[in-house]
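Structural overview
Okay, here's what each chain looks like letter by letter:
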Amino acid sequence: MRETLVLNASFEPLSTVTLNRAVVLVLQDKAVVEQAHPELRMRGAAVDIPAPRVIRLCRYVRVPFRRRAPWSRRGVLVRDRHRCAYCGRRATTVDHVVPRSHGGQDTWLNTVASCAEDNHRKADRTPEQAGMPLLREPFEPTPADAMLLALGADDLAGLPDWLALDDAA
């Protein structure tokens with residue numbers, strides 16, 4: 001199912017919602033379409049609107065300040081774009097740079113996406129001990145970047161330039 005980016009009235013990214021939820025918000029005049037999918041339309045008995053890719057709320061929603069994006073396995077895979085940090089192939093697992101048995105934690109800076117083969121080969125060692133250098137260093141995405149990364153590469157390519165991710169991602 002396609003995801004739609006929701007912007008606050010001040011144009012800051014708030015969350016992502018399903019395409020159906022985005023259409024409901026637009027039809028209830030709670031949001032306006034900032035950008036639509038070029039070829040997709042939502043049709044009903046009395047409605048025919050472009051499928052929203054980015055919507056903006058009409059009223060400002062106060063959101064508690066979030067300093068950090070919450071860590072998750074899915075978030076690490078999305079941050080690394082499902083590419084293995086050791087060989088560059090498709091990643092399906094998450095590897096701890098410093099293994100948990102050596103005191104490593106589930107944090108953005110200690111986890112990378114990895115293919116199952118490299119994860120098994122590295123085993124319970126650090127990349128230096130295993131002779132497997134990282135192709136890129138792990139980083140902690142901002143909450144807004146984590147949300148935009150969750151949209152996926154296909155949706156990111158069509159977003160306006162002012163919503164682009166930092167170069168670190």
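In case you missed it, the structure is sitting above this.
Overview of the structure.

Parameters and conventions
All residue numbers here refer to positions counted from 1 along the written sequence of the relevant chain. Where local features are concerned, this predicted model is filtered to residues with pLDDT of at least 70; where side-chain atom pairs are given and counted, the filter is 80 or more; whole-chain, interface and lining totals use all residues. Only hydrogens and water are set aside when side-chain values are computed; all heavy atoms of the structure are taken into account. Strands here are runs of E lasting at least two residues and helices are runs of H or I lasting at least four, both read from the DSSP assignment and numbered beginning at the N terminus. Every residue pair with non-hydrogen atoms within 4.5 Å of one another is taken to be in contact. Any residue under 20% of the maximum accessible area for its type is buried, any over 50% is exposed, and the rest in between are partly exposed; the area is computed with a 1.4 Å probe on protein chains only. By arc we mean the arc of the directions from the helix axis to the C-beta atoms, nothing more. By this definition, two strands are paired if DSSP reports at least two bridges between them. Convention adopted: a line fitted to C-alpha atoms gives each axis, helices being fitted over their contacting stretch, and angles between N-to-C directions are expressed from 0 to 180 degrees.

A closer look at the overall build of the chain
Secondary structure assignment for the chain yields six helices and six strands. The order of helices and strands in the chain, counted from the N terminus, is β-β-α-β-β-α-β-β-α-α-α-α. Pairs at least 24 residues apart make up 58% of the contacts formed inside the chain by residues separated by at least 6 positions.

With respect to helix H1 (residues 19-27)
Since there are 3.6 residues in each turn of an α-helix, residues three or four apart along the chain are aligned in direction. Among the residues of H1, those classed as buried are Leu-19, Ala-22, Val-23, Leu-25 and Val-26. Angular distribution of buried residues about the axis of H1 spans 160°; they occupy a single face of the element. Taken together, the buried residues of H1 touch strand S1 (3-7), strand S2 (13-18), strand S3 (31-43) and strand S4 (48-57). Of the residues flanking the end of H1, it is Asp-29, one or two places downstream, whose phi is positive at about 60°.

Considering unusual backbone geometry
The backbone of Phe-11 sits at a positive phi, close to 70°, despite the residue not being glycine. Locating Phe-11 in the fold gives a position in the loop between S1 and S2. Phi angles above zero are rare outside glycine, and Asp-29 is one such case at about 60°. Looking at the secondary structure, you find Asp-29 in the loop between H1 and S3. For Asp-29, a relative accessible area of 62% translates into the label exposed.

Some details on the sheet that holds S4
Pairing in this open sheet of four strands is mixed, and the strands run S2-S1-S4-S3 from one edge to the other. Looking at which strands have only one partner, the edges of the open sheet turn out to be S2 and S3. Between one strand axis and the next, the sheet turns by 35° as a mean value, whatever way the strands run. Sheet topology note: the S3/S4 ladder contains eight bridges and is antiparallel. Across the sheet, the residue bridging to Val-33 is Ile-55, located in S4. Lying over the sheet, H1 contacts S1, S2, S3 and S4, oriented at roughly 85° with respect to S4.

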